[in-house]
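A closer look at the structure
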Amino acid sequence: MQGYNCIMVFNKTSEKVLFCKRLWDPYEGKYNLVGGKIEEGENGFHAAYRELCEETGITEENIELFHMMDFTYYNQGCYVEVYVGTLMDDIDPVPEDHPLYWLDIEEDFFDLEKFAGEGNIGHMLQQVKDYGIGEKSK
């Protein structure tokens, strides 16, 4: 089963969330969280930090990630691990491919015309607001 990750990056004041704007399908033209593939045998935290650095230039020295939730899609043969972190300092992320944007946490993340993920982004951000950020790496 192929693994993927999504990473919610909050700015230092937790007032904004980092998104990429997709240049191609899936979700061309929509905002999506950063993330990517988990390689076979790769530790989930290692994969999250690796993808975050590849896509934004943000490193483990800039942020501590917490494992918040997982989604398993048996009908698609994949799973998604969701990580959350808040930047320790103000930094300007550097895009790999898709342009990066800071969006206000009061956005309507359930807007399917604007955001990828069939409502999952709204669900994940609401979970952070209601229940916190998850488990620290061991």
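Rules behind the numbers
- Residues numbered from 1 in each chain as written.
- Predicted model: local features only at pLDDT ≥ 70, side-chain atom pairs only at ≥ 80, totals over all residues.
- Heavy atoms only, no water.
- Helix = DSSP H or I, 4+ residues; strand = E, 2+ residues; numbered from the N terminus.
- Rg over C-alpha atoms; globule rule 2.2 N^0.38 Å.
- Buried < 20%, exposed > 50% of the residue type's maximum accessible area, 1.4 Å probe, protein only.
- Salt bridge = Lys/Arg side-chain N within 4 Å of Asp/Glu carboxyl O.
- Core = buried A, V, L, I, M, F, W, Y, C linked by side-chain atoms within 4.5 Å.
- Polar contact = N/O pair within 3.5 Å; in protein donor to acceptor, adjacent residues only side chain to side chain.
- Contact = heavy atoms within 4.5 Å.

1. Overview of the overall build of the protein chain
Summing up its helical and strand segments, the protein chain has two helices and eight strands in all. Secondary structure elements of the protein chain occur, N-terminal to C-terminal, as β-β-β-β-α-β-β-β-α-β. Computed over C-alpha atoms, the radius of gyration of the protein chain comes to 14 Å, within 12% of the 14 Å expected from 2.2 N^0.38 for 138 residues, which places it in the range of a compact globule. With the principal axes as the frame, the protein chain shows a C-alpha extent of 35 × 35 × 30 Å.

2. Focus on unusual backbone geometry
Asp25 connects to Pro26 through a cis peptide bond whose omega is 0°. By secondary structure assignment, the location of Pro26 is in the loop between β2 (16-21) and β3 (31-32). At Ser14, a position not held by glycine, the phi torsion is positive, near 60°. Along the chain, Ser14 turns up in the loop between β1 (2-10) and β2. Residue class for Ser14 comes out partly exposed when judged on its relative accessible area of 31%.

3. Some thoughts on the pattern of salt bridges
Going through the model one piece at a time under the given rule, you end up with four salt bridges. Taking the shortest distance from any N to any O, the salt bridge between Glu42 and Arg50 comes out at 2.8 Å. Through salt bridges with shared partners, one network takes in Glu42, Arg50, Glu51 and Glu54.

4. A word on the nonpolar core
Among the nonpolar cores identified, the biggest contains 20 residues, and Met8, Phe19 and Met124 are the most heavily contacted of them. At the level of elements, β1, β2, β5 (63-73), β6 (78-87) and α2 (120-131) are the ones that each hand at least two residues to this core. Here this core takes four residues from α2, the largest share from any one element. With 15 residues, the next largest nonpolar core counts Ile7, Val34, Leu87 and Leu100 among its residues.

5. Here we look at the side chain of Thr56
Its location among the elements puts Thr56 in helix α1 (residues 44-56). On the basis of relative accessibility, which here comes to 1%, the residue Thr56 falls in the buried class. Polar side-chain contacts of Thr56 include one of 2.6 Å to the backbone oxygen of Leu52. Residue contacts for Thr56: discarding those within four places in its chain leaves Leu18, Val34, Pro93, Val94 and Leu100.

Nothing here speaks to function; it is geometry throughout.
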